[in-house]
Amino acid sequence: MTEIEWWDYEDSAELADAIAGDVGFVIESALDARGSAVIALAGGKTPLPAYEKLATAKLDWKRVTIVPTDERIVPLGDALSNVTALAKIFLPKGARVMPIVPKATEDYKAAGRSADALMQDLHWPLDLCLLGVGADGHTASIFPGPDFDEALNGPKERRALGVLPEPLPPEAPVARVSLSRQGIVTARALMIAVTGKDKRKVIEQAIKQGPASPYPIGRVLADVELPVDIHWAP
C-alpha cells in the first residue's frame with residue numbers, strides 16, 4: 001500500500017516556503033551524491049511562488065536539469081507553455097531547463113516520441129517529481145481520453161508520451177506531452193503540491209479507491225512503492 005503523508009499549512013505562503021525547502025534539500029542531496037540533479041516540476045499557478053523562493057537558494061544550479069512534468073503542445077513563449085514559465089524563473093540562475101516540446105506540431109504522438117527520446121538522454125530515475133492535481137483529478141497531463149491507458153500502463157522504459165485529453169480542458173484546449181506513470185513513480189522522491197478543500201477531497205477519495213479509481217491521480221498513486229508527500233493549503 002502506498003505510504004502517503006499529508007503536510008498541512010495555514011496558507012499558500014507557508015506552503016511555498018515548505019515546498020521550496022524540501023525541493024532544495026532533494027537537489028542538494030542529489031548534487032552531493034551524484035554530482036548532478038534532474039527534477040520534474042509541475043506547471044500551473046499553485047507552485048510558482050514556491051519556485052520563485054526555490055530560485056533564491058544557494059545551489060550549484062549549473063548542475064541542475066529541470067523538465068516539466070507535462071507540456072502543452074504550443075510554441076515556446078506561449079502563455080500556455082509550462083517550460084516557458086519555468087525558464088523565466090530558473091534559467092537566470094544557470095539551471096538547464098529542457099523544453100520537451102521544442103516546437104508546436106499537429107502530430108501529438110510524434111511530439112510525445114520526441115519528448116521521450118530527449119528524456120532518454122537524462123540520468124534516470126528522476127531525483128524528484130513534483131506533481132499538481134486538477135479539480136477533475138488529473139495529474140501531469142494524464143487525463144481520461146484515448147491515451148489514458150497508455151499513459152498508465154505503457155512500456156516501462158517509456159518516460160513521456162503524447163496525450164489528447166477528452167474532452168479538452170477549456171482553459172487550455174490543446175494536446176499535450178506528459179510524463180508517463182512509470183516515469184513519475186520511479187522518481188527517487190515524489191511530492192504533490194495542491195490547494196483547496198475540493199481538491200483535497202478528490203485526492204483522498206482517489207487514494208481510497210486505489211487501482212479502481214476513475215481519477216487519474218488515484219491510478220498514478222496506486223501501489224506506488226516510495227513514500228509520497230502531499231503539501232496542502234486551503
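A quick note: this is a predicted structure, and the numbers were derived from the prediction, not measured.

Tell me about the side chain of Arg176, residues and numbers included.
The residue Arg176 is located in strand S8 (residues 176–179) in this model. No salt bridge forms around the buried Arg176; measuring N to O, its nearest opposite-charge neighbour Asp70 is 4.5 Å away. At 2.9 Å, the side chain of Arg176 forms a polar contact with the backbone oxygen of Val174.

Can you explain the layout of surface pockets? Please cite residues and give values.
In this structure, the largest pocket encloses a volume near 770 Å³. Lining the largest pocket are 37 residues; nearest its centre among them are Gly43, Gly44, Lys45, Arg72 and Asn82. Of all elements in the fold, only helix H2 (48–54), strand S4 (70–72), helix H3 (82–90) and strand S9 (190–195) reach the threshold of two or more residues within the lining of the largest pocket. With 5 residues, the single largest contributor to the lining of the largest pocket is H3. The residue inventory of the lining of the largest pocket, partitioned by class, reads 16 nonpolar, 13 polar and 8 charged. Taken as a whole, the second largest pocket spans an internal volume of roughly 160 Å³. For the lining of the second largest pocket, the residue count by class is 8 nonpolar, 2 polar and 3 charged.

I'd love a proper account of the pattern of salt bridges, names of residues and values included.
Enumeration over the complete set of coordinates arrives at 9 salt bridges. Its salt-bridge partner being Asp8, residue Arg200 comes within 2.9 Å of it at the nearest N-O pair. Here the residue Arg200 occupies a position in helix H7 (residues 197–209), and Asp8 occupies one in strand S1 (residues 4–8), the gap between them amounting to 192 residues. According to the relative accessible area criterion, Asp8 is partly exposed, its value standing at 44%.

Which residues make up the sheet that holds strand S2 (residues 37–41), and what are the values?
Spatially, S1-S10-S9-S6-S2-S3-S5 is the arrangement adopted by the 7 strands of the open sheet, whose pairing is parallel. Here the strands that pair on one side only, and so sit at the sheet edges, are S1 and strand S5 (96–97). Both S2 and strand S3 (residues 64–68) contribute to a ladder of 5 bridges, which runs parallel. Paired with Val38 across the strands is Thr65, a residue of S3. H3 rests against S2, S3 and S5 of the sheet, and its axis sits at about 150° to S3.

What counts, and where the lines are drawn
Residues numbered from 1 in each chain as written. Predicted model: local features only at pLDDT ≥ 70, side-chain atom pairs only at ≥ 80, totals over all residues. Heavy atoms only, no water. Helix = DSSP H or I, 4+ residues; strand = E, 2+ residues; numbered from the N terminus. Buried < 20%, exposed > 50% of the residue type's maximum accessible area, 1.4 Å probe, protein only. Lys, Arg positive; Asp, Glu negative; His and termini not counted. Salt bridge = Lys/Arg side-chain N within 4 Å of Asp/Glu carboxyl O. Polar contact = N/O pair within 3.5 Å; in protein donor to acceptor, adjacent residues only side chain to side chain. 1 Å grid on protein atoms, 1.4 Å probe; cavity = no way out; pocket = protein on both sides within 12 Å on 5 of 7 lines; lining within 4 Å. Points joined across faces, edges and corners; volume = space filled by probe spheres on them. Nonpolar A, V, L, I, M, F, W, Y, C, P; charged D, E, K, R; others polar. Pairing = 2+ DSSP bridges. Contact = heavy atoms within 4.5 Å. Axes fitted to C-alpha atoms, helices over the stretch in contact; angles between N-to-C directions.

As far as function goes, none of this settles anything; it's purely spatial.
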